[in-house]
Amino acid sequence: QVMLVESGGGSVQAGGSLRLSCAASGRTYNIYSMAWFRQAPGKEREGVAAIDRSGKVAFADSVKDRFTISQDNAKNTIDLQMNSLKPEDTAMYYCAAGPNLGIPSLAPPAYNSWGQGIRVTVSS
């Protein structure tokens, strides 16, 4: 069992930046990959960025070159640095963890542990 807790959300103006953090606890040794997802009202959940234990990363095209994902395995945390934010980035952001091996996945079924979500609002 893994518990994931997100922090760092909030409201910013378009063009601004936010940094989200996710702290994992519990059976963290079973985590092979972690990711950030987001979901806006009326929209499907979207994979934003993923990272595996070796540091391999994947990004959605919509955030490529704007967002960066990083990890600190010693602290069992991952961060999502979000720059040049756009109103379309407004959503609930969820941290996820799972046993996925190989190329990091941006598909929700690849993950079996989820955080409660944290809100990000970008105003125009």
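Colleague: Kindly report on the sheet that holds strand E8 (residues 77-82), identifying the contributing residues and their values.
Modeller: If you trace the four strands from one edge of the open sheet to the other, you get E1-E3-E8-E7, paired in antiparallel fashion. Two strands bound the open sheet, and with one partner strand each, they are strand E1 (2-7) and strand E7 (67-72). On average, each strand axis in the sheet is inclined to that of its neighbour by 15°, with strand direction left out of account. In the sheet, E7 pairs with E8 via six bridges, with the strands oriented antiparallel. By the bridge assignment, Ser70 is partnered in E8 with Asp79.

Colleague: Explain the environment of Val63 to me, using residue names and the numbers behind them.
Modeller: Here Val63 shows up in the loop between strand E6 (57-59) and E7. Looking at Val63, the relative accessible area reads 0%, which means it is buried. Each C-alpha atom, one on Val63 and one on Lys86, is 9.8 Å from the other, the two residues being 23 residues apart in sequence. If we skip the residues at most four places from it in the chain, Val63 touches Arg38, Val48 and Asp89.

Colleague: Give me the packing of aromatic side chains: which residues, what numbers.
Modeller: Within a pair of aromatic rings, the relevant descriptors are the distance that separates the centres and the angle that separates the planes. Throughout the structure, instances matching the rule amount to three aromatic pairs. Taken together, a centroid distance of 5.0 Å and an interplanar angle of 55° make the contact between Phe37 and Trp114 tilted. Of this pair, Phe37 sits in strand E4 (residues 33-39) while Trp114 sits in strand E10 (residues 113-114), and the two are 77 residues apart along the sequence. Judged by its relative accessible area of 0%, Phe37 falls in the buried class. Owing to a relative accessible area of 27%, Trp114 belongs among the partly exposed residues under this scheme.

Colleague: Which residues make up the environment of Gln13, and what values do they have?
Modeller: Take Gln13: it is sitting in strand E2 (residues 10-13). Relative accessible area serves as the criterion here: at 65%, Gln13 is assigned to the exposed category. Along the backbone, Gln13 and Val120 are 107 residues apart, and their C-alpha atoms lie at a distance of 11 Å. Apart from the residues lying within four places of it in its own chain, the contact partners of Gln13 are Val122 and Ser123.

Colleague: Talk me through the pattern of salt bridges; I want residue IDs and the actual numbers.
Modeller: Taken as a whole and assessed by the stated rule, the structure comprises five salt bridges. Two residues, Lys64 and Asp61, come together in a salt bridge whose shortest N-O distance is 2.9 Å. Where Arg66 meets Asp89, a salt bridge forms, and the shortest distance between an N and an O atom there is 2.8 Å. Taken together, the positions of Arg66 in the loop between E6 and E7 and Asp89 in the loop between E8 and strand E9 (91-98) put the pair 23 residues apart, joining distant regions of the chain.

Colleague: How would you summarise the nonpolar core if you had to cite specific residues and measurements?
Modeller: By size, the foremost hydrophobic cluster in this structure holds 29 residues, and its most contacted members are Met34, Trp36, Leu80, Met82 and Tyr93. When contributions to this core are tallied by element, the ones reaching two or more residues are E1, strand E3 (18-26), E4, strand E5 (46-52), E7, E8, E9 and strand E11 (118-123). Apart from residues no more than four positions distant in its own chain, Tyr93 is found in contact with Glu6, Leu20, Trp36, Phe37, Arg38, Val48, Phe67, Leu80, Met82, Gly117, Ile118 and Val120. Counting six residues, the second-largest nonpolar core is a separate cluster that includes Phe37, Ala50, Ala96 and Ala110.

Rules behind the numbers
- Residues numbered from 1 in each chain as written.
- Predicted model: local features only at pLDDT ≥ 70, side-chain atom pairs only at ≥ 80, totals over all residues.
- Heavy atoms only, no water.
- Pairing = 2+ DSSP bridges.
- Helix = DSSP H or I, 4+ residues; strand = E, 2+ residues; numbered from the N terminus.
- Axes fitted to C-alpha atoms, helices over the stretch in contact; angles between N-to-C directions.
- Buried < 20%, exposed > 50% of the residue type's maximum accessible area, 1.4 Å probe, protein only.
- Contact = heavy atoms within 4.5 Å.
- Phe/Tyr/Trp six-rings, centres within 6.5 Å; stacked < 30°, edge-to-face > 60°.
- Salt bridge = Lys/Arg side-chain N within 4 Å of Asp/Glu carboxyl O.
- Core = buried A, V, L, I, M, F, W, Y, C linked by side-chain atoms within 4.5 Å.

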